[in-house]
Amino acid sequence: MAVAGICEHCEQRPGAFSCRRCGATVCRLHYDGELDLCADCADKRTADGRRGDSFRL
Ligand SMILES: [Zn+2]
Ligand SMILES: [Zn+2]
């Protein structure tokens, strides 16, 4: 797992994760570890359909 560069969201912190959906390199603050998505995709995902706080396991 290679660190590609800098977070594409804040462009300040080193990108430590990559989004499995869009492939963006993001820092820990902009990565949702539960969804494996960057903040952007996680946001879209919740906005898309899964409203509410129902937690599925
Ligand atoms: Zn960031
Ligand atoms: Zn993403």
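Residues numbered from 1 in each chain as written. Chains lettered and ligands numbered in written order. Predicted model: local features only at pLDDT ≥ 70, side-chain atom pairs only at ≥ 80, totals over all residues. Heavy atoms only, no water.

## Comments concerning the nonpolar core
In step 1: One finds Cys7, Cys19, Ala24, Val26, Cys27, Tyr31, Leu37, Cys38, Cys41 and Ala42 forming the largest nonpolar core, which totals 10 residues.
In step 2: Listing elements by their share of this core, those giving two or more residues are β4 (37-38) and α1 (39-48).
In step 3: For Tyr31, the contacting residues outside a window of four places in its chain are Phe17, Ser18, Val26, Asp36, Leu37, Cys38 and Ala39. (Core = buried A, V, L, I, M, F, W, Y, C linked by side-chain atoms within 4.5 Å. Buried < 20%, exposed > 50% of the residue type's maximum accessible area, 1.4 Å probe, protein only. Helix = DSSP H or I, 4+ residues; strand = E, 2+ residues; numbered from the N terminus. Contact = heavy atoms within 4.5 Å.)

## Considering the coordination of the zinc ion (ligand 1)
In step 1: Surrounding the zinc ion (ligand 1) are the protein donor atoms Cys7 (SG), Cys10 (SG), Cys27 (SG) and His30 (ND1), at 2.0 to 2.4 Å.
In step 2: Coordination at the zinc ion (ligand 1) is tetrahedral, judged from the 4 donor atoms that bind it and the angles of 98 to 121 degrees they form at the metal. (Donors = N, O, S within 2.8 Å, 3.2 Å for Na, K, Ca; no water. Tetrahedral: all angles 85-135°; square planar, octahedral: opposite > 155°, others 65-115°.)

## Notes on the pattern of salt bridges
In step 1: Considering all chains together, one arrives at 1 salt bridge under this definition.
In step 2: For Asp40, the salt bridge goes to Lys44, with nearest N and O atoms at 3.5 Å. A residue pair is termed a helical-turn pair when its members lie 3 or 4 positions apart in one helix, as Asp40 and Lys44 do in helix α1 at 4 residues.
In step 3: Judged by its relative accessible area of 43%, Lys44 falls in the partly exposed class. (Salt bridge = Lys/Arg side-chain N within 4 Å of Asp/Glu carboxyl O.)

## Re the environment of Ile6
In step 1: Take Ile6: it is sitting in the segment before β1 (17-18).
In step 2: Sequence separation between Ile6 and Thr25 is 19 residues, and the spatial gap between their C-alpha atoms is 6.8 Å.
In step 3: In this structure, Ile6 is in contact with Glu11, Gln12, Arg13, Pro14, Gly15 and Thr25, ignoring residues within four places of it in sequence.

## Examining unusual backbone geometry
In step 1: One non-glycine residue, Glu11, lies in the positive phi region at around 55 degrees.
In step 2: Considering the arrangement of structural elements, one finds Glu11 in the segment before β1.
In step 3: With relative accessibility at 58%, the residue Glu11 sits in the exposed group.

Bear in mind that shape data such as this cannot, by itself, settle questions of function.
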